[in-house]
Each structure stands twice: as C-alpha cells, then as structure tokens.
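Listed below, chain by chain, are the residues.
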Amino acid sequence: MAKRFQFRISSLISLTVIVAMAIVIFTTRQEVSRLRNSLSQVDLTAMPISPDAVVTEVHRHIADHPLPCKVTDVRYSETDDTFRVHFMWTDPVDKKDWGSNFELKGDGYGTYAGCIRNTKFLAPIHPPRYTPPLKDSDGMWIEVSTPSVIHNGG
C-alpha cells in the first residue's frame, strides 16, 4: 500500500520560515543595491544640488528680467562650496550676445546665494543708476536651496 502524505505542523512551520527568510533576503539585497547606487552617484558628482536644479532656480529668478536670458553653464567647487553660473542674453539695442558669471556661495546649511552685478545686464532694470562700484543693494540676488529632508519624508 502506498504511503500517504502526512501533514505535520513542523513541516508547515519550516516551509513558512524558509519563505519568510527568502523574502527578507530579497528585500534586503534590493535596499542595499539602491543605497549603493545612491552613494556612488553622490560620490561621482559631489554636489549638494544637481546642476539642473540650479539652472531651474536661476531661470525662475531671472524670468522677470526684460531681456531673455539663458543659463549656459553651471560648475561646482567642492573646496569653496560654491556654484559658478554662466548666463547669456542678447542686447536688443546693439543685437550683440553678452554673457556673465556669478557665484552662488554656500552657507553650510543647504542654501546657496549670490548676486548678479553685471552693469550691462542690470541696465534695463535701472538704466541711469549703475556706475561702478556697485553696492550690495544694486545687484540681482539669487538664492537656491537644497530640498528639506522633512518635506521629502525624512
């Protein structure tokens, strides 16, 4: 006579433990892989904010300027904790392309601020007033911040 399969509670518990361990190992490996990828990306760029985010914020700040402007380059200096932003515009009077740089310096808490002090760029906003040297209040201040960990779910 053929022996029938006998159900044992110990077999069920063993099977449940094996399946649970497989699920835990799989999810742990996925999380470790995700963390490795995110750490390697941070090490490669070494930037607190992506260049695309800096460009977006700078465009948002200069959108009200009468001359159409375009950010053409963003560079980050890890030693100075500073972004250097290069932007360009076309002067409607002489039809020439102009460009300038400004720096966004970090305060150590995730905020980068800088001032555009190019007289040619600022002339359409306040034409007769700008003669060198410019005061702090004479420039166009731009601020970029890293996202808050509280608002992003910690």
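Refer to the structure above for everything that follows.
Residues numbered from 1 in each chain as written. Predicted model: local features only at pLDDT ≥ 70, side-chain atom pairs only at ≥ 80, totals over all residues. Heavy atoms only, no water.

Caption draft 1: Structural view of the packing of aromatic side chains. Summed over the entire model, instances satisfying the criterion amount to 6 aromatic pairs. On the basis of an interplanar angle of 75 degrees and a centroid distance of 4.9 Å, the ring pair of F87 and F121 is categorised as edge-to-face. One end of the pair, F87, is in strand β2 (residues 82-90); the other, F121, is in helix α3 (residues 119-122), and 34 residues separate them in sequence. Per residue, the accessibility class of F87 equals that of F121, and both read buried. Among the aromatic residues, ring-to-ring pairing joins F87, W89, F102 and F121 into one connected group. (Phe/Tyr/Trp six-rings, centres within 6.5 Å; stacked < 30°, edge-to-face > 60°. Helix = DSSP H or I, 4+ residues; strand = E, 2+ residues; numbered from the N terminus. Buried < 20%, exposed > 50% of the residue type's maximum accessible area, 1.4 Å probe, protein only.)

Caption draft 2: Local environment of the side chain of T82. Its location among the elements puts T82 in strand β2. A polar contact is formed between the side chain of T82 and the backbone oxygen of D80, at a distance of 2.9 Å. (Polar contact = N/O pair within 3.5 Å; in protein donor to acceptor, adjacent residues only side chain to side chain.)

Caption draft 3: Spotlight on the sheet that holds strand β1 (residues 69-77). The strand order β1-β2-β3-β4-β5 describes an open sheet built from 5 strands, whose pairing is antiparallel. Single-partner strands in this sheet number two, and they are β1 and β5 (140-145). With direction set aside, neighbouring strand axes in the sheet form an average angle of 25 degrees. Relative to β2, β1 is paired through 8 bridges, and the arrangement is antiparallel. Note that in β2 the partner of C69 across the bridge is W89. (Pairing = 2+ DSSP bridges. Axes fitted to C-alpha atoms, helices over the stretch in contact; angles between N-to-C directions.)

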